[in-house]
Amino acid sequence: SNMLDWQRTAFHFQPENNWMNDPNGPVFYKGWYHLFYQYHPDAPVWGKIVWGHAVSKDLINWRHLPIAMETDQWYDEQGVWTGSATILPDGQLVVLYTGSTNESVQVQNLAYPADTSDPLLINWVKYPGNPVLVPPPGIDNKDFRDPTTAWKTPEGKWRITIGSKINKTGISLVYDTEDFKTFELLDGVLHAVPGTGMWECVDFYPISKQAENGLDTSVDGPGVKHVVKASLDDDRNDYYAIGSYDAYKGKWTPDNPTLDVGIGLRYDYGVYYASKTFYDQNKQRRVSWSWIKETDTEASDISKGWASLMGVPRTILLDKKTQSNIIQWPVEEINALRTNATVFNNLIMEAGSLVPLDLPAASQLDIVAEFELDEQTVMRLNGAAVAYDCAKNGGAATRGALGPFGFSVLAHDGLIEHTPVYFYVAKGVDGNLETFFCADQSRSSTATDVDKSIFGNIVPVLKGEKLSMRILVDHSIVESFAQEGRTCITSRVYPTKAIYNNARLFLFNNATAASVTASVSVWQMKSAEI
Ligand code: FRU
């Protein structure tokens, strides 16, 4: 055991040691959820990457399995990089992944299970005809990676998309195939956005306009919209947009060009990258996985012997109320870890108040809360030009008439360390309210060599809705969801004092004018088997 062991998590997936990055090939196969991941078995820093592998019955408790694919071929000698799984109609599985060749050229390779009757999928075969795709003319050897799950074309072929760039324009190439061995490059691209740079880990999937279930990747039709997600190499964030897919042309168009991929909405306004979804036919839902990196120093990663987590998997649905964003929510299975509920109903928080919530321990929590600002105060208040920005306006300590208010998690008694997660409401000249959802890491640790950014963004709040948030706290990670998952923020924090039983939870209302009524449920979270 190690001095930094407290940073390990209780219900977030992580390997026993060394470096992890992107989730790969997530799939439900013969009763097991499989998670493969970019893994460097030799050190807690990125290097020659192989596919790590783990399985679960419930997406929460995991069993680690042997490395699924090693760097043992000329076409993946420098790394078995990110890829995706596709379930064929006969139930068989294929995987396409990027290999970094002996000459560091990015090529796409085909792999399949050695024994399809093995539900654990321990052994993998690489197709002897690999690579199945090399960079096409006009595409740089190092800008061609991360093939998606395949979906069906109207002609009954399979189609995939692969991120790239041309100059500074991020693009996604489209290929059709019948056998995953020979491919045809379509004219034009799925989509392109100038100025966004290299698109890594592109994801493309349908979402239903009405239904509460997720859709298998090939589903299309009048009740369906399509999401394009790209992980921007230049800015290290996952951006998405909702739009329409023309299956005949293999082209996608955003509903709102001002909120296009890479310039509009993000999956998460904190630390969140290289995510990948899969359709879970077991529970008819779309689930996304994401790599949550460390934001401490490489030296601390080396001394603790590991780096990175996976976020708690999230279900993804179209927001039926706004129709203009997705909602992301921790998979329901996580609720099974809840224990020792503490409930506070209609707690009135005066302007400028801080209330410690008395819990035996607060380093593993699930917090669900609703807030209502005092309506009289809100009505009386004069509107003003709204120019709030979570990152630039001083964080939780800077007070306005209607905020900030929320929770301080992983807090030390004297608040020498704490991470506030909060709403900040501003009244505009038109009398309308704008709501921001933020996480302030600036006082999260007395350590000086960790990231202390303040994260956040605006969150749409519709007429008649209360403000609501959910926060998952797990030692060195805090995942926060506003308005049922419209805006999400993942933080990595490294307190030195607010750890284990010394971690506390506070409710605060730092508004200067309005009181806030809070209703709160807090559960302690049991540790999962990982
Ligand atoms: C994203 C990424 C992918 C690549 C993999 C290599 O984090 O850079 O584009 O396939 O990681 O580990």
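Residues numbered from 1 in each chain as written. Predicted model: local features only at pLDDT ≥ 70, side-chain atom pairs only at ≥ 80, totals over all residues. Heavy atoms only, no water.

Engineer: In this structure, what is going on with the overall build of the protein? I would like to understand it.
Structural biologist: The helix and strand inventory of the protein stands at two helices and 36 strands. For 530 residues, the compact-globule formula gives about 24 Å, and the C-alpha radius of gyration of the protein, at 23 Å, lands near that figure. Overall, the C-alpha framework of the protein stretches about 70 × 55 × 40 Å when taken along its three principal axes. Looking at the 530 residues of the protein, the share that counts as buried comes to 61%. Looking at the protein alone, contacts between residues at least 24 apart form 64% of all its contacts between residues at least 6 apart. Accessible surface, the protein as shown: approximately 19900 Å² in total, 49% of it carbon and sulfur. When the 45 basic and 63 acidic side-chain charges of the protein are each reduced to a single mean position, those positions are 3 Å apart. (Helix = DSSP H or I, 4+ residues; strand = E, 2+ residues; numbered from the N terminus. Rg over C-alpha atoms; globule rule 2.2 N^0.38 Å. Buried < 20%, exposed > 50% of the residue type's maximum accessible area, 1.4 Å probe, protein only. Contact = heavy atoms within 4.5 Å. Areas by Shrake-Rupley, 256 points an atom, 1.4 Å probe, with all protein chains shown as cover. Lys, Arg positive; Asp, Glu negative; His and termini not counted. Charge placed at Lys NZ, Arg CZ, Asp CG, Glu CD.)

Engineer: Which parts of the structure should I look at to understand the site of the ligand?
Structural biologist: Lining the immediate surroundings of the ligand are N21, D22, Q38, W46, I49, W81, T82, R145, D146, E200, Y273 and W291. For the ligand, an oxygen atom lies 3.1 Å from a polar atom in the side chain of N21. Between the ligand and Q38 there is a distance of 2.6 Å, counted from an oxygen atom to a side-chain nitrogen or oxygen. If the ligand stood free it would expose 320 Å²; the protein chains cover 93% of that surface. Grouping the constituent residues of the shell around the ligand by class yields five nonpolar, three polar and four charged. (Near = heavy atom within 4 Å. Polar contact = N/O pair within 3.5 Å; in protein donor to acceptor, adjacent residues only side chain to side chain. Nonpolar A, V, L, I, M, F, W, Y, C, P; charged D, E, K, R; others polar.)

Engineer: Can you walk me through the pairing of strand β33 (residues 477–482) in this structure?
Structural biologist: Remark: a regular strand shows side chains that alternate across the two faces of the sheet. Counting buried positions along β33 yields six of six residues, so the element is predominantly enclosed. Across six bridges, strand β32 (residues 467–474) lies against β33 in antiparallel orientation. Within β33, the position partnered with L472 by the bridge is E479. Taking the residues that link successive antiparallel strands as the turn, the β32-β33 hairpin has two residues, and the phi of H475 there is positive, at about 60°. The pairing of β33 with strand β34 (residues 487–492) spans six bridges and is antiparallel. Across the sheet, the residue bridging to I477 is R492, located in β34. Counting the residues between successive antiparallel strands, the hairpin from β33 to β34 contains four residues, one of them, Q483, with a positive phi of roughly 45°. (Pairing = 2+ DSSP bridges.)

Engineer: Can you help me understand the pairing of strand β2 (residues 32–40) in this one?
Structural biologist: Burial runs high along β2: nine of the nine residues are buried. Residues W32, H34, F36, Q38 and H40 of β2 are buried on one face, and the alternating residues Y33, L35, Y37 and Y39, pointing to the opposite face, are buried as well. Bridge count between strand β1 (residues 18–29) and β2: seven bridges; the pairing is antiparallel. Its bridge partner lying in β2, W19 is registered against H40. Judged from the seven bridges that link them, β2 and strand β3 (residues 50–56) form a sheet pairing that is antiparallel. Pairing of Q38 across the sheet is with W51, part of β3.

Engineer: Just to check I follow, could you spell out the packing of aromatic side chains for this structure?
Structural biologist: The description of an aromatic ring pair uses the distance of the two centres, along with the angle that the planes make with each other. In this structure the tally under the stated criterion is 30 aromatic pairs. Seen from their ring centres, W62 and W289 are 5.6 Å apart, and the 65° between their planes marks the pair as edge-to-face. With W62 in the loop between β3 and β4 (63–69) and W289 in strand β20 (residues 285–292), this pair connects stretches of sequence that are 227 residues apart. Since its relative accessible area comes to 7%, W62 is described here as buried. Put simply, the rings of F13, Y37, Y39, W62 and W289 pair up and form one aromatic cluster. Above the plane of the ring of W306 lies R8, whose end atom (NZ or CZ) is 5.3 Å from the centre. A cation over a ring is seen here: R338 above W523, with NZ or CZ 3.8 Å from the ring centre. (Phe/Tyr/Trp six-rings, centres within 6.5 Å; stacked < 30°, edge-to-face > 60°. Lys NZ or Arg CZ within 6 Å of the ring centre and 35° of its normal.)

Engineer: Looking at this model, I keep getting lost on the sheet that holds β1. Mind explaining?
Structural biologist: Strand pairing in a sheet takes place through backbone hydrogen bonds and is either antiparallel or parallel in direction. Strand order in the open sheet made by the five strands is β4-β3-β2-β1-β21, with mixed pairing throughout. Where the open sheet ends on each side, the last strands, each with one partner, are β4 and β21 (306–307).

Engineer: It is not clear to me how empty space enclosed by the protein should be interpreted in this structure. Could you clarify?
Structural biologist: Remark: the empty space left among the atoms is shown by a probe the size of a water molecule rolled over them. Evaluated as defined, the whole model comprises one cavity of 30 Å³ or more. Approximately 50 Å³ is the volume attributed to the largest cavity. Around the largest cavity, the lining residues are F11, H12, F13, L59, I60, W62, W289, G311, V312, P313, I334 and I530. Looking at the lining of the largest cavity residue by residue, the class counts come to ten nonpolar, two polar and no charged. (1 Å grid on protein atoms, 1.4 Å probe; cavity = no way out; pocket = protein on both sides within 12 Å on 5 of 7 lines; lining within 4 Å. Points joined across faces, edges and corners; volume = space filled by probe spheres on them.)

Engineer: Please clarify how the pattern of salt bridges should be interpreted in this entry.
Structural biologist: Opposite charge on two side chains makes pairing possible when the charged atoms of those side chains draw close. Under the definition given, this model contains 31 salt bridges. Counted as one network, the salt bridges with shared partners bring together D280, K283, R285, E332 and E333. (Salt bridge = Lys/Arg side-chain N within 4 Å of Asp/Glu carboxyl O.)

Engineer: Would you take a moment to explain the nonpolar core for this structure?
Structural biologist: If you look at soluble globular proteins, the nonpolar side chains tend to sit buried side by side. Counting residues in each nonpolar core, the largest one holds 54 residues, and the members touching the most others are I367, F371, F407 and L505. When neighbours within four sequence positions are excluded, F371 is seen to be in contact with F405, G406, F407, F423, K466, L467, M469, L507, V516, T517 and A518. In this structure, A10, Y39, M525 and A528 belong to the second largest nonpolar core, which totals 27 residues. (Core = buried A, V, L, I, M, F, W, Y, C linked by side-chain atoms within 4.5 Å.)

Engineer: Looking at this model, I keep getting lost on the layout of surface pockets. Mind explaining?
Structural biologist: The space that makes up the largest pocket amounts to roughly 690 Å³. Lining the largest pocket are 19 residues, with V378, L433, V461, G464 and E465 sitting closest to its centre. Grouping the constituent residues of the lining of the largest pocket by class yields nine nonpolar, four polar and six charged.

Engineer: Can you walk me through the environment of T116 in this structure?
Structural biologist: Note that T116 resides in the loop between β7 (106–113) and β8 (124–126). Judged by its relative accessible area of 27%, T116 falls in the partly exposed class. In the structure, T116 is positioned 30 residues away from T86 in sequence and 14 Å away in space, judged by C-alpha atoms. Other than its neighbours up to four places away in sequence, T116 contacts Y29, K30 and Q92.

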